[in-house]
Amino acid sequence: MSKRVDWEKIRLYVITAQDAHPGKSVTDVMEQTLIGGAGMLQLRNKTGSRSEVLEQARALRVLTRRYGVPFIVNDYPDIALEVDADGVHLGQDDMSIKEARALLGDDKMIGISTHCAEHAIEAEREGADYIGVGPVFPTNTKPGKAAVTTAYVAEAASLVSIPFVAIGGITTDNADAVISAGAKRLCAVSAIVGSEDPAAVCRELLYKLTAADRAE
Ligand code: 3NM
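Residues numbered from 1 in each chain as written. Predicted model: local features only at pLDDT ≥ 70, side-chain atom pairs only at ≥ 80, totals over all residues.

The name recorded for the protein chain in an unreviewed UniProt entry is Thiamine-phosphate synthase, from Paenibacillus agaridevorans. What UniProt records for the protein chain under Sequence similarities (unreviewed entry) is the sentence "Belongs to the thiamine-phosphate synthase family." (UniProt positions renumbered as here; feature names shortened; annotations may be inferred.)

Pasting the structure below:
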């Protein structure tokens, strides 16, 4: 898979949360998102030990292979390599794209969170495979970050030619505004994995994306 991912199939990118459903494993919740049509998954675990992250990464690698979707690891290029994930996701304060590329080689994807036009342009220039564009709305999942609003989504749509995913506070209630601003791909945590029915939320978001395609 890796660099040969079919971005046409990736409309909804879902990121893990660690405690969204007490009593349910991260893998079980993420399987629900795949049943609902998620096209790419990311393991994001900011609190666990390395061995916990590794264990979750192994389980999610098995799951995503079963569903044939790309799997990205946040923050840990070494774990991405160890479990043969499809790539890593970096933040602006993490290692550079160049450093990550040196570690991972050309076959893996590198994604990076961007929060303004300068970040987006730099990411593309440095060889990112995709960017996150956000947080579009305020979100408790990444507290303390100012919302960039749908204005940055529209800007990203005209600025970069690599794929971008809009992220941050996106729900079934506000997704239409994000799509209207130019997002072809959405990414979410709490609205999906915090829901009682993650598969249904995925289907609804995907329906909105494909309805917008048809209206074009
Ligand atoms: N990255 P939710 S916003 C993980 O803007 C993350 O880079 C963001 O979670 C960015 O869907 C965000 O619960 C949180 O708002 C997304």
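Now that the structure has been shown, we can carry on.
> Please explain the overall build of the protein chain as it appears in this structure.
A count of helices and strands for the protein chain gives nine helices and eight strands. The globule rule puts the C-alpha radius of gyration for 216 residues at 17 Å, and the 16 Å found for the protein chain is close to it. Its C-alpha atoms give the protein chain principal-axis dimensions of roughly 45 × 40 × 35 Å. Contacts in the protein chain between residues far apart in sequence, at least 24 positions, make up 59% of those at least 6 positions apart. (Helix = DSSP H or I, 4+ residues; strand = E, 2+ residues; numbered from the N terminus. Rg over C-alpha atoms; globule rule 2.2 N^0.38 Å. Contact = placed C-beta atoms within 7 Å.)

> How should I be thinking about the site of the ligand in this particular structure?
If you check the shell around the ligand, you find 16 residues, and the closest are Ser 113, Gly 134, Thr 139, Thr 141 and Ser 190. Residue classes in the shell around the ligand are distributed as seven nonpolar, eight polar and one charged. (Near = placed C-beta within 6 Å. Nonpolar A, V, L, I, M, F, W, Y, C, P; charged D, E, K, R; others polar.)

> Hey, could you run me through the nonpolar core in this one?
Nonpolar side chains in soluble globular proteins generally cluster together in the buried interior. Core analysis: the largest hydrophobic core is formed by 60 residues, its most contacted members being Val 14, Ala 166 and Leu 186. Ignoring anything within four residues of it in the chain, the contact list for Ala 166 reads Val 133, Gly 134, Val 136, Val 153, Val 178, Ala 183, Leu 186 and Cys 187. (Core = buried A, V, L, I, M, F, W, Y, C linked by C-beta atoms within 7 Å. Buried ≥ 20, exposed ≤ 12 C-beta atoms within 10 Å, placed from the backbone.)

> Can you walk me through the sheet that holds strand β8 (residues 186–188) in this structure?
The strands that make up a sheet pair up through hydrogen bonds in the backbone, lying either parallel or antiparallel. What the eight strands build is a closed barrel, ordered β1-β2-β3-β4-β5-β6-β7-β8; its pairing is parallel. Taken over all neighbouring pairs, the strand axes of this sheet differ in orientation by 25 degrees on average, direction set aside. Relative to strand β5 (residues 109–114), strand β4 (residues 87–90) runs parallel, the two sharing four bridges. Note on β5: the bridge partner recorded for His 89 is Gly 111. (Pairing = 2+ DSSP bridges. Axes fitted to C-alpha atoms, helices over the stretch in contact; angles between N-to-C directions.)

> Sorry, what's going on with the pairing of β4 here?
Covered by surrounding structure in β4 are Gly 87 and His 89 together with Val 88 and Leu 90, the residues of both alternating faces. In this sheet, β4 lies alongside strand β3 (residues 71–74) in parallel orientation, the contact comprising three bridges. Of the residues in β4, the one forming a bridge with Asn 74 is His 89. For the crossover from β3 across helix α3 (residues 77–82) to β4, the handedness is right-handed. Assessed by its sense of winding, the connection that carries the chain from β4 through helix α4 (residues 97–104) to β5 is right-handed. (Right-handed = clockwise from strand over helix to strand, strands pointing away.)

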